[in-house]
Structures are given as C-alpha cells and as structure tokens.
Amino acid sequence: MIHYSLQCADGHEFEGWFRNAGDFDRQAREGHLTCPVCGGSEVSKALMAPAVSGARDDAGTVEAVVENAPVKQAQEPAVPVMAMPNPHQAQIVDMMRKLRKLITESADNVGSRFATEARAMHHGETEQRSIYGEASPEDARELVEEGIEILPLPVLPEDKN
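In short, a report on the structure.

Rules and cut-offs
- Residues numbered from 1 in each chain as written.
- Predicted model: local features only at pLDDT ≥ 70, side-chain atom pairs only at ≥ 80, totals over all residues.
- Heavy atoms only, no water.
- Buried < 20%, exposed > 50% of the residue type's maximum accessible area, 1.4 Å probe, protein only.
- Helix = DSSP H or I, 4+ residues; strand = E, 2+ residues; numbered from the N terminus.
- Pairing = 2+ DSSP bridges.
- Salt bridge = Lys/Arg side-chain N within 4 Å of Asp/Glu carboxyl O.
- Right-handed = clockwise from strand over helix to strand, strands pointing away.
- Core = buried A, V, L, I, M, F, W, Y, C linked by side-chain atoms within 4.5 Å.
- Contact = heavy atoms within 4.5 Å.

1. Notes on the pairing of strand S2 (residues 13–18)
The alternating pattern of S2 places Phe14, Gly16 and Phe18 on a buried face, while none of Glu13, Glu15 and Trp17, on the opposite face, is buried. Sheet analysis places strand S1 (residues 2–8) next to S2, joined by six bridges and oriented antiparallel. Opposite Tyr4, over in S2, you have Gly16 as the bridge partner. What sits between the antiparallel neighbours S1 and S2 is a turn of four residues, in which Gly11 has the positive phi angle 90°.

2. Concerning the pattern of salt bridges
Per the stated rule, a full pass over the model turns up 10 salt bridges. One salt bridge in this structure joins Asp94 and Lys98, with 3.3 Å as the shortest N-O distance. Pair noted here: Asp94 and Lys98 are both in helix H2 (residues 87–106), with a separation of four residues, about one helical turn. Asp94 sits in the partly exposed class, given a relative accessible area of 33%. Residue class for Lys98 comes out exposed when judged on its relative accessible area of 55%. A salt bridge links Arg113 to Glu117, with the nearest nitrogen and oxygen atoms 3.8 Å apart. By sharing partners, the salt bridges in this structure join Arg19, Asp23, Arg26 and Glu30 into a single network.

3. Brief notes about the pairing of strand S7 (residues 108–111)
Relative to strand S8 (residues 131–133), S7 runs parallel, the two being bridged by three bridges. Looking at S8, one finds that Asn109 is bridged to Tyr132. At this point the chain moves from S7, through helix H3 (residues 114–122), to the parallel S8, and the crossover so formed is right-handed.

4. Regarding the nonpolar core
Grouped together as the largest cluster of nonpolar side chains are 10 residues: Tyr4, Leu6, Cys8, Phe14, Phe18, Phe24, Leu33, Cys35, Val37 and Val43. Element by element, the count of residues in this core is highest for S1, at three residues. Aside from chain neighbours lying at most four places away, what touches Phe14 is Tyr4, Ser5, Leu6, Gln7, Cys8, Thr34, Cys35, Pro36 and Val43. Formed by eight residues, the second largest nonpolar core is a distinct cluster that contains Ala115, Ala118, Ile131 and Leu143.

5. So, the side chain of Glu117
With respect to the secondary-structure elements, Glu117 resides in helix H3. Taking relative accessible area as the criterion, Glu117 reaches 16% and is therefore assigned buried.

6. Comments concerning the side chain of Gln27
Turning to its location among the elements, Gln27 is positioned in helix H1 (residues 21–29). A residue is classified by how much of its surface remains accessible, and Gln27, at 18% relative accessible area, is buried. Here Gln27 is in contact with Phe18, His32 and Leu33, once residues within four sequence places are set aside.

The structure is reproduced here in structure tokens:
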C-alpha cells in the first residue's frame, strides 16, 4: 500500500491509500477520486515529505538513506500527534450526514434503476415521488440534458473507506 496526501481543486487536503502509484493515476484519470469535503472530482497529489527510516546507533542518531545519500540526524523522542480536521469541516460533514439521512428516510431507494425511474416520472408514466439510487456519470449527464432535475447525494468520508 502507498499513502498520498491529496488535494482537490478547491484546496481541501485529505489522505488516500492505494495499492501502488499506478492505482492512484488510474483512479484519478477515470474520475473515481472525490474530495470528502466538497465532493469535487479534480484530485491531485499534494506536496508531502518523504518517509525516511533507518537504524539508530548507540549515540541516538539515525543513519538514513535518502536517494542513496547517507544522512546522520539527531533522533528526537517520538511525540504522539493526531491530525485534526478544520473544525468547520466537521460541522459540514455532520450537516451532510443529517441531510443524507433525511433524504434516504423519506425517499424510495430504486438502486440501479434510478435513471429509468426518473425518466418514467418525468414523462408521466409513473407517479411522482422522491427517489434515490445509483446512476453512472453518463446517465446523470443525460438526465440533466433531458431537463430532469437531479441532485447527487452528499458523499461522506466513510463512503470512501
């Protein structure tokens, strides 16, 4: 597994784990990566420091190799750290969870038949009601082009895990 710091076009930073470097490139190219804050699909790798490992000697220094150049550095005691998200981000995600819950509790889940059901309601072939389900990006685009109003459900951080 490989870990990347990622950033969306709006500047939101988050992390991602991938099987290999090519897996990130493929998912980004195919539009499978989305920002957990805004749902944006324009995601790129953010600048990050390289992970360096090495063996500690008797003097408490670490001998490490970065690009095949030995480096001696003083070893500082490990300090536990935890990344804290922006406090506003937590509030936004909480509101998105509540919105999603409200929608899913008050609408019919039509699953993969979403595009078909939305068209049938639009053309008066079936009763009007609130529905949700899955649609490919192409199906969603076609529905909008046909004048059918749709909205994506909020994408939550746990949806991507």
